[in-house]
Amino acid sequence: MPARRRQSQTGAEEFRFLNETRSLPRHGWDDPELSKLWRYNLHYFDDLNAEGAQGRAQWHRTLIGRWVEENPPGKGSGWEPYPVSLRIVNWVKWALAGSELSPQALHSLAVQARWLTQRLEYHLLGNHLFANAKALVFAGCFFEGAEAENWLSIGLRILQREVPEQILADGGHFELSTMYHALALEDMLDLINVMRCAGLPVPALWADRISPMRNWLAAMCHPDGEISFFNDAAIGMAPSPAELEHYGVRLGFPPLGGIRDGCTLLKDSGYIRLQNARAVALLDVARVGPDYLPGHAHADTLSFELSVDRRRVIVNSGTSVYGTGPERLRQRGTAAHNTVMVDGQDSSEVWSGFRVARRASPHGLSLRQEGGRHIVTCAHDGYARLSGRPRHRRTLILEDDSLVVSDTVDGLCRHAEALFHFHPGCTAAISGGGRSGSVSAGSVPVLCWQLRTGTARVEPSSWHPEFGSGEPTHRLVIGLVEGRSEIAFRWAAAD
C-alpha cells in the first residue's frame, strides 16, 4: 500500500485542488481561466490512490476512459512531461493494487511512456527530471519487452546520477523546501516499492537514503506533526509526514525514535532544530538552494519558526500561489518571514515566479551550549549589495522558559526592521509603550515578550498554510535602533 493523499475527486465529474472545487463539464481538461497548477493536478490522477479510493473505483475507471478519449497524444497541458510523469505512476499504482486498466488505457499508458522518453526535462532538472525518471522506472517495471526494458534502463540511469545530487548527506532534498522533501521521500519509497513488486534488486544507494530522509523530515516538523514553512512549502500537497512514516514502516524500515531535546544540526541542508521540554524552534541558516535551481527559494535567510506547548506561535507566511504576480512575490519576499528586512529590500532578490538574482550567503555559523542554554549565531551577506554594504547577524538563545532573539545590522542603512509573524490562532497585544506585550490563544496565555533594544508595533499580516488559502493574522515589527534589536519571548506559566 503506497502513501495516501487527501481525496481530491469529490464527485463523478467534480474535483477539489488547491482549495478550489471545479467540475469537468464546465471547465473541461484545460480551461485557461484556471491556474496552470490546478489544471496540472487534474491530469495527475492522484485520487486513484488517495484516502478511500476503493469506494470511488467506478468513478476512476470512467475518468481514465474519458481522459484517453478526450486527450489525444500531444494535445494540452496533460501531455506536458511533468503531468505525464505523475499520471504514469498513478495509473501503474492503481493497476498494481488490483484495479484493471482497459486495453485502451494500457495502450495509452504505453504511448505516454514512449512520449515521455523524448521529452525528458533536462532543461529544468531537479524534481521535474526526477519525476520523469521515476515514471520510466514504473513503466519499465509494469510492462514487458525490449521497449519497457529500455524505459527502465533510462530511468535507472538518470536516478543513479540524480539521487546523490538531490538527496544531501543529511537526508534533506537539495531544493531545501520541506514540502518538496516530503514529495522526494514519497518518490524514493515508491521506487523501492515498485522495484520489489517487479522482483528487481533495489539499488543500495536508494535504501541507504531512506533513514536520513525520514529523520530530516521529522526534525523539520512542528510538534503538531506537520511541516514547517521554509521556501515553497504548504500542507496538503504531499502525503502527511505521519503517512510517509507509516509507508516506510510498511516497507520494512525500522520505526523512527523520538527527537531528543537539545540542538539538531542538519549540516548539509542548513537547518537547525532547538528543542526543550516546552518549545521547538526551527532555524534557517541555509543557502538559497542549488545555484542552478533556485525556483522554489524564498528570501528567508536566518528566519525561524517557534512552537510552544505543541502549539505553533511564530510562523513564516507559507505558500498559497505559484505563477507570477504580486502575491507570489510578496509570499517569497523577506517581509513574509521572521527575519530582518533592510531598507525595504529582500535579502535575496526574488523575481518573477521562480527566479532569484543576487542571493544571500550565510556565514559564521556558531553553535554552543552553556548549561541549559543553546546559542546559535549566524550572519549573511544578502544586503551587502546595497550602498552601505550592510550585513545581518542574528543570535538565538533557547532557554528552558524563553527564546531570546538578538539582531545586528553592521554597515550603513537607512532603516532595518525585525519581523515576527504570529499564528492566526494567536492574539498579540502590545503594552508598556511598545516595549512589551503578550500572545494568547483565545483565553489561554502562550507567551509574553519584552524588548531589550528597539521599538515595536503590531500590524496585520497573513498566513498561508495551504495552496489557495489564506488566514488573517498579525506580526510584530521591531525597528532596529543603531542597527540593533533584542527581544525575549518568555513562555506563559505551565498549567
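Look above for the structure.
About the cut-offs
- Residues numbered from 1 in each chain as written.
- Predicted model: local features only at pLDDT ≥ 70, side-chain atom pairs only at ≥ 80, totals over all residues.
- Heavy atoms only, no water.
- Helix = DSSP H or I, 4+ residues; strand = E, 2+ residues; numbered from the N terminus.
- Core = buried A, V, L, I, M, F, W, Y, C linked by side-chain atoms within 4.5 Å.
- Buried < 20%, exposed > 50% of the residue type's maximum accessible area, 1.4 Å probe, protein only.
- Phe/Tyr/Trp six-rings, centres within 6.5 Å; stacked < 30°, edge-to-face > 60°.
- Lys NZ or Arg CZ within 6 Å of the ring centre and 35° of its normal.
- Axes fitted to C-alpha atoms, helices over the stretch in contact; angles between N-to-C directions.
- Parallel < 35°, antiparallel > 145°, perpendicular 65-115°, else oblique.
- Left-handed = near helix turned anticlockwise from the far one by under 90°.
- Contact = heavy atoms within 4.5 Å.
- Nonpolar A, V, L, I, M, F, W, Y, C, P; charged D, E, K, R; others polar.
- Pairing = 2+ DSSP bridges.
- Salt bridge = Lys/Arg side-chain N within 4 Å of Asp/Glu carboxyl O.

Asker: I keep staring at the environment of Gln160 and nothing clicks. Help me out?
Answerer: Topologically, Gln160 is positioned in helix α7 (residues 146-166). For Gln160 and Arg310, which are 150 residues apart along the polypeptide, the C-alpha to C-alpha distance reads 40 Å.

Asker: Honestly, the nonpolar core in this entry has me stumped. Any pointers?
Answerer: Nonpolar side chains in soluble globular proteins tend to be buried together. Of all hydrophobic cores here, the largest spans 83 residues; its most connected members are Ile88 and Trp91. No other element matches helix α8 (residues 178-197), which puts twelve residues into this core. Val285, Leu403, Cys426 and Val446 belong to the second largest nonpolar core, which has 44 residues in total.

Asker: Sorry if this is basic, but what is going on with the packing of aromatic side chains here?
Answerer: Aromatic rings considered in pairs are described by the distance between their centres and by the relative angle of their planes. Evaluated as defined, the whole model comprises 19 aromatic pairs. Measuring from ring centre to ring centre gives 6.0 Å for Trp216 and Tyr271, while their planes differ by 80 degrees; the resulting arrangement is edge-to-face. Pair noted here: Trp216 is in helix α9 (residues 204-219) and Tyr271 is in strand β5 (residues 271-275), with a separation of 55 residues, a long-range link. The class for Tyr271 is buried, based on a relative accessible area of 1%. Among the aromatic side chains, those forming a connected cluster through ring pairs are Phe45, Trp67, Trp79, Trp91 and Trp115. Here the basic side chain of Arg312 rests over the ring of Phe229, its NZ or CZ set 5.5 Å away from the ring centre.

Asker: Help me understand the packing of helix α3 (residues 57-70) against helix α5 (residues 103-117), please; the structure alone is not making it clear to me.
Answerer: For any two helices packed against each other, the geometry comes down to the angle between their axes and how far apart the axes lie. Running from N to C, α3 and α5 point in directions that differ by 55 degrees, and their axes come no closer than 10 Å. In terms of their interaxial angle, α3 and α5 are classed as oblique. Here α3 and α5 pass one another in a crossing that is left-handed. Note on element contacts: α5 touches α3 through Gln104, Ala105, Ser108 and Gln112, opposite Ile64, Trp67 and Val68. Its residues assigned to classes, the contact of α3 with α5 shows four nonpolar, three polar and no charged.

Asker: Help me out: how do you make sense of the pairing of strand β15 (residues 402-410) in this one?
Answerer: Along any regular strand the residues' side chains alternate between the sheet's two faces. Burial analysis of β15 places eight of its nine residues in the buried class, which makes it a mostly covered element. Two elements, strand β14 (residues 391-398) and β15, share eight bridges in a ladder whose sense is antiparallel. For Arg393, the partnering residue across the bridge sits in β15 and is Thr408. If you look at the hairpin formed by β14 and β15, you'll find three residues sitting between the two strands. Sheet topology note: the β15/strand β22 (residues 484-491) ladder contains seven bridges and is antiparallel. Looking across to β22, one finds that Thr408 is bridged to Arg484.

Asker: How should the pattern of salt bridges be read in this particular structure?
Answerer: Oppositely charged side chains are able to pair whenever their charged atoms sit close together. The tally for this structure, following the rule as stated, stands at 32 salt bridges. As a salt-bridge pair, Asp47 and Arg56 come within 2.7 Å of each other at their nearest N and O atoms. Take Asp47: its relative accessible area is 4%, and that puts it in the buried class. Close ionic contact of Glu349 with Arg385 constitutes a salt bridge, the shortest N to O distance being 3.4 Å. Pair noted here: Glu349 is in the loop between β9 (340-342) and β10 (350-351) and Arg385 is in the loop between β13 (373-380) and β14, with a separation of 36 residues, a long-range link. Owing to a relative accessible area of 21%, Arg385 belongs among the partly exposed residues under this scheme.

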